[in-house]
Every structure is written in C-alpha cells, then in structure tokens.
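Below are the chains, spelled out letter by letter.
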Amino acid sequence: MEHGKQVYEGKAKIIYETDNPDYYIQFFKDDASAFNAKKLGTIESKGVFNNSISSRLLQEVERQGVPTHFVEKLSEREMLVKKLDIILVEVVLRNIIAGSLAKRMGVEEGARLPNTIVDLHLKNDELDDPLINEDTAVAFGLATREELAQMREYAFKVNDILTSFFSERNIDLVDFKLEFGRCAAEGGKLLLGDEITPDGCRFWEKGTGRKLDKDRFRRDLGQVEDAYAEVEKLVIE
Ligand code: UDP
C-alpha cells in the first residue's frame with residue numbers, strides 16, 4: 001500500500017494517511033529520545049526491530065482479547081493501523097520498582113511491588129508528561145470515567161498477557177507505558193494504540209537483571225542495538 005500525506009511526526013514514528021480514510025500507516029524511525037526529548041540520538045535499525053516487536057505483541061494481546069489498532073505489518077518499517085483519536089493520558093503499569101517511581105519514592109530500583117501500580121500521565125512533552133490522576137483526567141475532559149475504567153481493565157489484561165509471554169522467555173516485565181484511542185470508524189470504540197516496544201517497556205533478564213530496553217540508551221550502558229535485536233529475536237521465535 002502506498003502511503004499518502006504525512007499526518008504527524010513524533011520522536012520515534014511518522015504517521016501517514018492511506019487511501020483508506022479509516023487507516024493510517026505507522027512508520028518506525030531509528031531516532032531515539034529520552035527524558036522527554038532532552039536527550040536525542042539514533043539506534044541503528046531500531047525502527048525495523050520495533051515494527052517487528054510491536055506487530056507481534058499487538059497481535060498477541062489482540063488474540064487474547066484486548067482490541068488494538070493493529071491491522072497488519074506492511075514492510076520492514078511500516079505497520080497498517082486503524083485511525084485513532086489518541087487519548088492524551090499515558091497509562092504506565094509497574095510490577096517492579098524502577099525509573100521515575102524509584103526517584104519519586106526515594107528508593108532503589110529492583111524490588112518487586114506487592115501489587116501492580118497504575119500511574120496516569122498527561123501526554124505533553126512541554127510539561128514533561130506530569131503525573132495526573134483520574135479526577136484530573138475527567139475534570140480536564142481528557143477521558144470519561146468509563147473510558148478510564150476500560151483503559152485500566154485493558155492495561156491489567158495486557159500486563160497479564162505480556163508478563164507471562166516474557167516470563168516464558170526468561171524476561172521480567174518491569175514496567176511499561178500504553179496509549180489508547182477512540183476509533184471513529186468503530187463508533188468511538190476504545191482501542192489500544194501506539195506501540196509495545198523496548199522504547200516504552202522495561203525488560204530485565206531474569207536472574208541477572210541485565211537491561212534489554214531503552215534504559216541502555218538513556219543511561220549510556222552500551223550495546224543498545226544488540227538489546228533491541230535480542231528482544232526482537234525472542235519475541236519472533
Ligand atoms: N515511558 C514511556 N514514555 C514516557 C515515559 C515513560 O514509554 O514518556 C515508559 C518507560 O519506558 C518505562 C515506563 O514507561 O518503561 C515507566 O517510565 P518511568 O515513569 O519510570 O519514567 P522514566 O524513568 O522512563 O523517565
């Protein structure tokens with residue numbers, strides 16, 4: 001399928017129109033950003049790995065009952081997706097303490113949480129994606145209570161699916177970010193959108209804690225490309 005006009009260019013992806021008004025093409029770039037675009041770089045072939053990883057994982061969660069925007073993988077870097085009106089609330093799930101949670105709570109990374117935490121963030125780079133809560137999201141018209149409840153339910157389901165998927169591959173799913181949107185072509189139905197990749201998930205090898213995600217780039221740990229390639233390999237197999 002030929003892509004049409006560019007609709008949007010983000011940090012890691014470009015969205016194009018297609019000849020079907022209900023579909024977009026997501027093109028995965030090699031560009032990487034961290035700390036809300038304060039650190040920029042490229043990760044060789046990241047777009048190819050992420051398209052492959054996300055295609056596989058979105059198919060898996062869809063198969064297990066979470067509706068997503070995924071239609072099909074078109075090429076190395078292109079994915080056909082359903083057009084969504086993205087909800088500007090990022091949903092972060094946490095199973096193990098890491099990143100901003102460790103910082104916010106003044107604790108070390110690494111401990112498993114007694115219960116999974118759901119954090120909501122406003123999707124706004126200029127404001128550094130501030131932490132918000134459900135009342136704030138509703139008060140500012142970002143989503144309805146019903147949508148937020150549905151997002152939470154889907155997010156927990158995705159967590160269950162991916163935790164066991166990665167556990168079988170000797171990986172701990174530490175935390176991850178999801179985005180949802182409304183699909184006008186399906187009567188405003190809530191679908192999981194965006195991507196599921198090492199850019200937005202933390203993956204630690206069981207036992208060793210070796211990081212296989214964007215923290216290798218954020219923290220200059222080296223072997224960044226190798227980590228993405230390794231995740232792609234184990235996801236595809
Ligand atoms: N995350 C993301 N986009 C963001 C913020 C976080 O994809 O704008 C992901 C991140 O990769 C991690 C999880 O959400 O898997 C939790 O991130 P955290 O809040 O700890 O923030 P960070 O430490 O990445 O700043």
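Now for a quick tour of the structure. Predicted model, so just to flag it, every value in this text is computed and none were measured.

**Examining the nonpolar core**
Thought 1: In terms of nonpolar packing, the biggest core is built from 52 residues, with Phe 166 and Leu 192 touching the most fellow members.
Thought 2: Considering every element that reaches this core, the biggest residue donor is helix α4 (residues 145-167), with nine residues.
Thought 3: Leaving out residues up to four positions away in the same chain, Leu 192 has contacts with Leu 58, Val 61, Val 66, Pro 67, Thr 68, His 69, Leu 84, Val 158, Leu 178, Glu 179 and Phe 180.

**Brief notes about helix α6 (residues 224-236)**
Thought 1: For α6, with 13 residues, the first-to-last C-alpha span of 19 Å sits near the 18 Å given by 1.5 Å per residue.
Thought 2: When α6 is considered as a whole, its buried residues turn out to be Val 224, Ala 227, Tyr 228, Val 231, Leu 234 and Val 235. The arc that holds the buried residues of α6, viewed along the axis, is 135°, so those residues lie on one side.
Thought 3: Those residues of α6 that are buried are in contact with α1 (46-63), α4, β12 (171-178), β15 (201-205) and α5 (215-218).

**Concerning the site of the ligand**
Thought 1: Surveying the vicinity of the ligand reveals 15 residues, the closest of which are Arg 94, Ser 100, Asp 175, Arg 202 and Arg 218.
Thought 2: One of the side-chain nitrogen or oxygen atoms of Asp 175 is found 2.6 Å away from an oxygen atom of the ligand.
Thought 3: Measuring from an oxygen atom of the ligand, one finds a backbone N or O atom of Asp 199 at 3.4 Å.
Thought 4: Considering the ligand on its own, with 510 Å² of exposed area, one finds that the protein chains cover 81% of that surface.
Thought 5: Going through the elements one at a time, β9 (89-96), α2 (99-105), β12 and β15 are the ones with two or more residues in the shell around the ligand.
Thought 6: Looking at the shell around the ligand residue by residue, the class counts come to four nonpolar, three polar and eight charged.

**Re the environment of Lys 13**
Thought 1: Tracing the backbone shows Lys 13 in strand β2 (residues 13-17).
Thought 2: In this view, Lys 13 contacts Tyr 8, Gln 26, Phe 27, Phe 28, Lys 29, Asp 194 and Glu 195; residues no more than four positions away in its chain are not counted.
Thought 3: At 2.8 Å, the side chain of Lys 13 forms a polar contact with the side chain of Asp 194.

**Focus: the packing of α1 against α4**
Thought 1: Here α1 crosses α4 at 120°, and the two axes come no closer than 10 Å. The orientation of α1 with respect to α4, classified from their angle, is oblique. Crossing hand, α1 versus α4: right-handed. The residues of α4 that touch α1, namely those facing Arg 56, Leu 57, Glu 60 and Val 61, are Val 158, Ile 161, Leu 162, Phe 165 and Phe 166.
Thought 2: Each residue belonging to the contact of α1 with α4 can be placed in one class, and the counts come to seven nonpolar, no polar and two charged.

Scoring rules and cut-offs
Residues numbered from 1 in each chain as written. Predicted model: local features only at pLDDT ≥ 70, side-chain atom pairs only at ≥ 80, totals over all residues. Heavy atoms only, no water. Core = buried A, V, L, I, M, F, W, Y, C linked by side-chain atoms within 4.5 Å. Buried < 20%, exposed > 50% of the residue type's maximum accessible area, 1.4 Å probe, protein only. Helix = DSSP H or I, 4+ residues; strand = E, 2+ residues; numbered from the N terminus. Contact = heavy atoms within 4.5 Å. Expected span 1.5 Å × (residues − 1). Arc of directions from axis to C-beta. Near = heavy atom within 4 Å. Polar contact = N/O pair within 3.5 Å; in protein donor to acceptor, adjacent residues only side chain to side chain. Areas by Shrake-Rupley, 256 points an atom, 1.4 Å probe, with all protein chains shown as cover. Nonpolar A, V, L, I, M, F, W, Y, C, P; charged D, E, K, R; others polar. Axes fitted to C-alpha atoms, helices over the stretch in contact; angles between N-to-C directions. Parallel < 35°, antiparallel > 145°, perpendicular 65-115°, else oblique. Left-handed = near helix turned anticlockwise from the far one by under 90°.

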